[in-house]
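Structure assessment
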Amino acid sequence: METYHGNVKTPQDAIILFEACRTGLLPRVQRRLSEKERASITSGSVFVWDEREAGMRRWTDGKSWSASRVSGSFLTYREMEGKKAGNNTQTSSRRKSPGSVGESDDDHEGPDGYRYKPDGLMKQSFSITTVHHQKLHLISYFARSLPASQELMQPSQDPKLRNIRPPPGMYPESTVHEQQNVPVAPVAPVTPAARPPPKRPFTTPLSSSAKTPHRTLTRPYALTPSTPSPASLHKPFRVPTPAA
């Protein structure tokens, strides 16, 4: 039922696991854990699920946890056990804040009289929304002792996951400095398409032979006094008779 077994230290590790699940290399959790699966949770257990696919928003593992503490991009919780008798809130308030990984093993007292489990686990959660509006969640468990955590493999150093290349922009909510060490799939350079020349008004050139010849306009015919009118040219000729 585990998605992965290792130590998720950075957001880069979480993104690699998200991408490995997206490509089918690792399985995603499809339902809530059974009692047997909850009992098998150990240091190094990692679970990834899609909120819509699994039909759940909150993770339940049957354990008691302290209030969340922000640790970078993660929310961290410390496993707790039953209430300690004869304790009071004032004493517990002087203790260190719950969920701190740097607390000593002798500091077993939490807020409101609850006790931190001496050999308990630490839990951290990480959530993100992809560019396709998928709400992905990751829950990982690890031991508080540093040597035990160092023995677990990080996803970013796992040879089985070395070919995982998250596509650019797939996980937009994670910041740039968080993903700067994650290998990203190369993108082919985009060259601008050649634009056609601007269209000009259609004109038909005239050949030298088709050109209209130059014409000289003359003035219309004008009558002058010395020029007989056209009407007089058509009168019958009469011979003058001599006088008696």
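This text goes with the structure placed above it.
Presented here is a report on the structure given in the accompanying data block. (Residues numbered from 1 in each chain as written. Predicted model: local features only at pLDDT ≥ 70, side-chain atom pairs only at ≥ 80, totals over all residues. Heavy atoms only, no water.)

Here helix α1 (residues 11-22) contains twelve residues, and its C-alpha end-to-end distance of 16 Å stays within 8% of the 16 Å for a straight helix at 1.5 Å per residue. For α1, the tally of buried residues reaches eleven of twelve residues, placing the bulk of the element in the interior. Within the span of α1, buried status applies to P11, Q12, D13, A14, I15, I16, L17, F18, E19, A20 and C21. Just past α1, the residue G24 takes up positive phi, approximately 90°. (Helix = DSSP H or I, 4+ residues; strand = E, 2+ residues; numbered from the N terminus. Expected span 1.5 Å × (residues − 1). Buried < 20%, exposed > 50% of the residue type's maximum accessible area, 1.4 Å probe, protein only.)

Here we take up the layout of surface pockets. Estimates place the volume of the largest pocket at around 420 Å³. Together, 16 residues line the largest pocket, and R57, R58, W59, S127 and H137 are the ones closest to its centre. Considering only residue class, the lining of the largest pocket consists of seven nonpolar, four polar and five charged. (1 Å grid on protein atoms, 1.4 Å probe; cavity = no way out; pocket = protein on both sides within 12 Å on 5 of 7 lines; lining within 4 Å. Points joined across faces, edges and corners; volume = space filled by probe spheres on them. Nonpolar A, V, L, I, M, F, W, Y, C, P; charged D, E, K, R; others polar.)

Before going further, it helps to examine the environment of Q30. With respect to the element layout, Q30 can be found in the loop between α1 and α2 (35-39). Measuring from C-alpha to C-alpha, the distance between Q30 and W49 comes to 6.8 Å, with 19 residues separating the pair along the chain. Other than its neighbours up to four places away in sequence, Q30 contacts M1, E53 and A54. At 3.2 Å, the side chain of Q30 and the backbone oxygen of R28 are in polar contact. (Contact = heavy atoms within 4.5 Å. Polar contact = N/O pair within 3.5 Å; in protein donor to acceptor, adjacent residues only side chain to side chain.)

Moving on, we come to the nonpolar core. In terms of nonpolar packing, the biggest core is built from 21 residues, with L17, F18, L138 and L161 touching the most fellow members. At seven residues, α1 tops the list of elements feeding residues into this core. If you look at the next biggest cluster of nonpolar residues, it comprises 13 residues, including I41, W59, Y77 and L121. (Core = buried A, V, L, I, M, F, W, Y, C linked by side-chain atoms within 4.5 Å.)

Below, the discussion takes up the packing of aromatic side chains. For the coordinates displayed, the defined rule picks out seven aromatic pairs. Aromatic pair F74 and F126: ring centres 5.3 Å apart, planes at 45°, arrangement tilted. Of this pair, F74 sits in strand β5 (residues 74-83) while F126 is found in strand β7 (residues 121-129), placing the two residues 52 residues apart along the sequence. Here the two residues F74 and F126 agree in accessibility, since each one is buried. Ring pairing ties together the aromatic residues F47, W49, W59, W65 and Y141, which thus form one cluster. The ring of Y116 has R78 sitting right over it, with the charged end atom 4.0 Å from the ring centre. The lysine or arginine in question, K123, covers the ring of Y77, its NZ or CZ lying 4.9 Å from the ring centre. (Phe/Tyr/Trp six-rings, centres within 6.5 Å; stacked < 30°, edge-to-face > 60°. Lys NZ or Arg CZ within 6 Å of the ring centre and 35° of its normal.)

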